[in-house]
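The residues making up each chain are set out below.
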Amino acid sequence: MILSRRSLIGALAATPLLTGCDRLTESQGFRDGLRSAEGLTMRAQRLITDRTALAREFSETDLSPTFRPNGSRGPTSADYAAHAAAGFANWRLKVDGLVAQPLALSMAHLRRLPARTQITRHDCVEGWSAIGKWTGTPLALILHGAGVSSRARFIVFHCADEFGTVRYYESIDMVDALHPQTILAWGLNGKMLPIENGAPLRLRVERQLGYKHAKYVERIEAVESLAGIEGGKGGSWEDRSDYAWYAGI
Ligand SMILES: Nc1nc2c(c(=O)[nH]1)N[C@H]1C(S)=C(S)[C@@H](COP(=O)(O)O)O[C@H]1N2
Ligand SMILES: [Mo]
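Since we're looking at a predicted model, the values are computed, not measured.

1. Some details on the sheet that holds strand E5 (residues 154-163)
At step 1: One open sheet accounts for five strands, arranged E2-E1-E10-E5-E6; its pairing is mixed. Unpaired on one side and paired on the other, strand E2 (103-106) and strand E6 (166-173) mark the two borders of the sheet. Ignoring which end each strand starts from, the neighbouring axes of this sheet average 20° apart.
At step 2: Strand direction decides the pairing type here: strand E1 (residues 92-97) and E2, joined by four bridges, are antiparallel. Within E2, the position partnered with Val95 by the bridge is Leu103.

See the structure below:
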């Protein structure tokens, strides 16, 4: 998928005020990351290279009969119920933090953008897996369109559901954020994403375990550090249990 910067701006932003880096791969943060990797051992370098490899993709015949829901089956707020009743017509995905152009994208807008469909296996740490066909907007496209700053090191996903007394949240680094299979999915198995699986929008980050795949995403935030956010460990499970922040598979 190759898109010009101009078409991205046209597609994503009402007013083309973007001043950020021309391409993410030319961004300072990205280059800093590569530069710091130069000092690492060869084993670590191989590890970094491997992280950009694609997760295995399956065929239609491999699909699980149903994609089992886990964790929250839907936010309990009246606000979310109203959004669901309106078919999420008023839902906005906010994109903010270290971006040149904060965005608020409707579902209709997101569905008009170039989409990726992938059949992948979801692995939950609780010991089950399911294969589903996901369709959604590449996260890289959204970040690029927002003019993500070269200072951004993590992308935080703020969700509409509750995890104990706080909202569920998760985060990934820029390697996963820019990975071609990292999408904000609005479709599952050729249909609209069901509420129990994260409607209207959920993260698919295929090189990570299940709990990183944030459902009910209402805001994504580009940050330099995770320290100031909730418990500071980068995710709800990470804050409240011994689950690792890096859950790469
Ligand atoms: N917002 C939110 N995202 C979430 C969860 C959750 O409870 N709330 N559970 C996580 C866990 S542990 C898993 S395994 C997957 C489950 O996705 P599914 O319901 O589509 O099977 O969502 C992840 N994302
Ligand atoms: Mo999970």
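2. Structural notes on helix H6 (residues 139-146)
At step 1: Along H6, seven of the eight residues are buried, which leaves the element largely enclosed by surrounding structure.
At step 2: Considered for burial, the residues of H6 that qualify are Leu139, Leu141, Ile142, Leu143, His144, Gly145 and Ala146.
At step 3: Phi for Gly147, located one or two positions after H6, is positive at around 70°.

3. Regarding the site of ligand 1
At step 1: Near ligand 1 there are 21 residues, and of these Arg68, Asn70, Ser72, Asp161 and Lys215 occur at the shortest range.
At step 2: At 2.8 Å, a backbone N or O of Ser72 approaches an oxygen atom of ligand 1.
At step 3: Between ligand 1 and the protein, one listed contact pairs an oxygen atom with a side-chain N or O atom of Asn197 at 2.9 Å.
At step 4: Taken by itself ligand 1 offers 530 Å² of open surface, and the protein chains cover 98% of this.
At step 5: Assessed atom by atom at 2 Å from the grid points, ligand 1 resides in the second largest pocket.
At step 6: For the shell around ligand 1, the elements supplying multiple residues, two or more each, are strand E3 (116-124) and E5.
At step 7: Across the shell around ligand 1, the residue classes break down as nine nonpolar, seven polar and five charged.

4. Let's talk about the nonpolar core
At step 1: If you look at the biggest cluster of nonpolar residues, it comprises 43 residues, and the most contacted ones within it are Leu93, Leu143, Ile155, Phe157, Leu184 and Ile220.
At step 2: Excluding residues that lie within four positions of it along the chain, Phe157 makes contacts with Leu139, Tyr168, Tyr169, Glu170, Ser171, Ile172, Leu184, Leu203, Ala214, Val217, Arg219 and Ile220.

5. Considerations on the environment of Gly74
At step 1: With respect to the helices and strands, the residue Gly74 is situated in the loop between helix H3 (42-51) and helix H4 (78-85).
At step 2: Of the residues examined, Gly74 reaches a relative accessible area of 19% and is grouped as buried.
At step 3: Each C-alpha atom, one on Gly74 and one on Glu162, is 9.2 Å from the other, the two residues being 88 residues apart in sequence.
At step 4: If sequence neighbours within four positions are ignored, Gly74 has contacts with Ile195 and Tyr216.

6. A short note on the pairing of strand E10 (residues 217-223)
In the case of a regular strand, side chains alternate between the two sheet surfaces.
At step 1: In terms of residue burial, E10 counts as a mostly covered element, since five of its seven residues are buried.
At step 2: Bridge count for E1 against E10 is four bridges, and the pairing is parallel. Across the sheet, Lys94 pairs through a bridge with Arg219, a residue of E10.
At step 3: The pairing of E5 with E10 spans six bridges and is antiparallel. Residue pairing for E10: Val156 is matched across the bridge by Glu221.

7. What about the packing of aromatic side chains?
At step 1: Overall, the coordinates contain 10 aromatic pairs when judged by the stated rule.
At step 2: Aromatic pair Phe67 and Trp134: ring centres 5.1 Å apart, planes at 80°, arrangement edge-to-face. You can see Phe67 sitting in the loop between H3 and H4 and its partner Trp134 sitting in strand E4 (residues 128-138), a full 67 residues away along the chain.
At step 3: Taken together, a centroid distance of 5.0 Å and an interplanar angle of 70° make the contact between Phe163 and Trp237 edge-to-face. Of the two residues, Phe163 sits in strand E5 while Trp237 sits in helix H8 (residues 236-240), which places them 74 residues apart along the sequence.
At step 4: With a relative accessible area of 15%, Phe163 lands in the buried category.
At step 5: What makes Trp237 partly exposed here is its relative accessible area of 26%.

8. Points about the confidence of the model for the protein chain
At step 1: Mean pLDDT for the protein chain: 88, with 80% of residues reaching 70 or above.
At step 2: Segment residues 14-26: pLDDT under 50, and 29 contacts once partners within four positions in sequence are set aside and those in other chains are kept.

Basis of the calculations
Residues numbered from 1 in each chain as written. Chains lettered and ligands numbered in written order. Predicted model: local features only at pLDDT ≥ 70, side-chain atom pairs only at ≥ 80, totals over all residues. Heavy atoms only, no water. Pairing = 2+ DSSP bridges. Helix = DSSP H or I, 4+ residues; strand = E, 2+ residues; numbered from the N terminus. Axes fitted to C-alpha atoms, helices over the stretch in contact; angles between N-to-C directions. Buried < 20%, exposed > 50% of the residue type's maximum accessible area, 1.4 Å probe, protein only. Near = heavy atom within 4 Å. Polar contact = N/O pair within 3.5 Å; in protein donor to acceptor, adjacent residues only side chain to side chain. Areas by Shrake-Rupley, 256 points an atom, 1.4 Å probe, with all protein chains shown as cover. 1 Å grid on protein atoms, 1.4 Å probe; cavity = no way out; pocket = protein on both sides within 12 Å on 5 of 7 lines; lining within 4 Å. Sits in = over half its atoms within 2 Å of the grid points. Nonpolar A, V, L, I, M, F, W, Y, C, P; charged D, E, K, R; others polar. Core = buried A, V, L, I, M, F, W, Y, C linked by side-chain atoms within 4.5 Å. Contact = heavy atoms within 4.5 Å. Phe/Tyr/Trp six-rings, centres within 6.5 Å; stacked < 30°, edge-to-face > 60°. pLDDT = per-residue confidence, 0-100.

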